Amino acid sequence: MASSTPRASSAAAVLAVVVAALCGIHGAAAQLVEDYYDDTCPDAYDIVKQTLIEAHQSDTRIYASLIRLHFHDCFVQGCDGSILLDNMTGFQTEKEAVPNMGSARGFPVVDAVKAALEDACPGVVSCADILALAAEISVELSGGPKWGVLLGRLDGLTSSIAGANNLPAPFENLTVLERKFSDVGLKDLVDLVALSGAHTFGRVQCKNIADPPADRLYNFSGTNRPDPTLNSAYRAFLTQRCPQNGNSSVLNDLDPTTPDTFDKNYYTNLEVNRGILTSDQELKSSPLAQGRTAPIVDRFAQSQDAFFASFAQSMINMGNIAPVTDPSLGEVRCDCKMVNDDS
């Protein structure tokens, strides 16, 4: 490659400054809308989709991982892209929280999406909106429903490890799950049951099945016995996958029937006590579920259309959790891993 001339180098430097200046510039706070980028970045959806398709060619888990990132982002400080921040300014970030450390994944793909968008429309599309778009596209490409993604979020300026450590956990009972969903504004039980249906694809580590405090296989709730709600044949299968004191990082299909397809089989599994996580089976088998979440599970198990319609609406509801739209409180990050340097 030929060396650049001083004039070319100067032009490139000026362009870099202009691009950096574009990041974070926004007008007044606004409501989220589907057509937010129609004028400023009309190809945004297609750019995200193409990047995800390419990523999926070498990583079949990526779609499930990306929707999990959006979920974990929205449940902490709202949908503000805070889960994407690295620990670069001295504060501990959400990436370092127990529910995310060693399990949250897909960050390089988000970076690749951001880079492609910056090439097409510098300083326009926020990282928080990238997560929302990636979640919808991931579900769609896996056979699930489509929905109109509401856009216009700015990226937050902080990250909360404490908030991330309080995310809904795989070992929690229905009472705790209801409270944590209600605390972020998702008070309708349909949201809890529908969003849990994202476990219809993806993988889970043995530590969330066979190790304390989750242990469903060997010492459930300190009884020295397995979880009585777990199907015996399924339990035998899982004990082979996750032997006591074995490798906690071994991966297991969240949905053993169609592990990479977005469908209603998560709920048909719950109907026969084949929910892999305590938090899953609680929706059907908890005494408190009767007359509350269990009928919703039954409805979704019977009708994929009903599940898809509710899931799409619940994702919109979740995407509306405390979005940052006030430019005095947020920005469009140039790099999703760090807040902009305004110096």
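Before any of the text, the structure's been laid out above.
Given the structure is predicted, the values throughout are model-derived calculations rather than measurements. (Residues numbered from 1 in each chain as written. Predicted model: local features only at pLDDT ≥ 70, side-chain atom pairs only at ≥ 80, totals over all residues. Heavy atoms only, no water.)

## Examining the overall build of the protein chain
On a plain count of helices and strands, the protein chain comes out with 14 helices and 2 strands. For 343 residues, the compact-globule formula gives about 20 Å, and the C-alpha radius of gyration of the protein chain, at 21 Å, lands near that figure. With the principal axes as the frame, the protein chain shows a C-alpha extent of 75 × 40 × 35 Å. In the protein chain, which comprises 343 residues, the share counted as buried stands at 49%. Partitioning the intrachain contacts of the protein chain with sequence separation of at least 6 by distance along the chain shows that 74% fall at a separation of at least 24. When the accessible area of the protein chain is evaluated, it comes to approximately 15300 Å², of which 54% is carbon and sulfur surface. (Helix = DSSP H or I, 4+ residues; strand = E, 2+ residues; numbered from the N terminus. Rg over C-alpha atoms; globule rule 2.2 N^0.38 Å. Buried < 20%, exposed > 50% of the residue type's maximum accessible area, 1.4 Å probe, protein only. Contact = heavy atoms within 4.5 Å. Areas by Shrake-Rupley, 256 points an atom, 1.4 Å probe, with all protein chains shown as cover.)

## Some thoughts on the pattern of salt bridges
In total, this model carries 16 salt bridges according to the counting rule given. Its salt-bridge partner being E140, residue K49 comes within 3.3 Å of it at the nearest N-O pair. Placement of K49 in helix α2 (residues 44-56) and of E140 in helix α5 (residues 127-141) is noted, with a sequence separation of 91 residues between them. What makes E140 buried here is its relative accessible area of 15%. The residue R153 makes a salt bridge to D129 at a minimum N-O spacing of 2.7 Å. On the criterion of sequence distance, the pair formed by R153 in the loop between α5 and α6 (161-164) and D129 in helix α5 is long-range, its members being 24 residues apart. On the accessibility criterion, R153 (3% relative accessible area) is buried. (Salt bridge = Lys/Arg side-chain N within 4 Å of Asp/Glu carboxyl O.)

## A closer look at the environment of P168
Within the secondary structure, P168 is located in the loop between α6 and α7 (174-183). Along the backbone, P168 and S103 are 65 residues apart, and their C-alpha atoms lie at a distance of 15 Å. Discounting chain neighbours no more than four positions away, the residues touching P168 are F71, F75, L177, K180 and F181.

## Section: the packing of α2 against α5
The axes of two packed helices give the description: the angle between them and the distance between them. Running from N to C, α2 and α5 cross one another at 55°; their axes reach a closest spacing of 10 Å. Considering the angle they form, α2 stands oblique to α5. Seen from above, α2 lies across α5 with right-handed handedness. Across the interface between the two elements, Y45, V48, K49, L52 and I53 of α2 pack against L133, A134, E136, I137, S138, E140 and L141 of α5. Considered class by class, the residues forming the contact of α2 with α5 number 8 nonpolar, 1 polar and 3 charged. (Axes fitted to C-alpha atoms, helices over the stretch in contact; angles between N-to-C directions. Parallel < 35°, antiparallel > 145°, perpendicular 65-115°, else oblique. Left-handed = near helix turned anticlockwise from the far one by under 90°. Nonpolar A, V, L, I, M, F, W, Y, C, P; charged D, E, K, R; others polar.)

## Re the side chain of N100
With respect to the helices, strands and loops of the structure, N100 is situated in the loop between α3 (62-74) and α4 (107-120). Residue N100 is classed as buried on the basis of its relative accessible area, which comes to 3%. Reaching out from N100, the side chain makes a polar contact with the side chain of H72 at a distance of 2.6 Å. Side-chain polar atoms of N100 contact the backbone oxygen of E94, separated by 2.7 Å. Excluding its chain neighbours within four sequence positions, the residues that come into contact with N100 are H72, I83, E94, K95, A164 and L167. (Polar contact = N/O pair within 3.5 Å; in protein donor to acceptor, adjacent residues only side chain to side chain.)

By themselves, these observations are geometric and do not establish any function.
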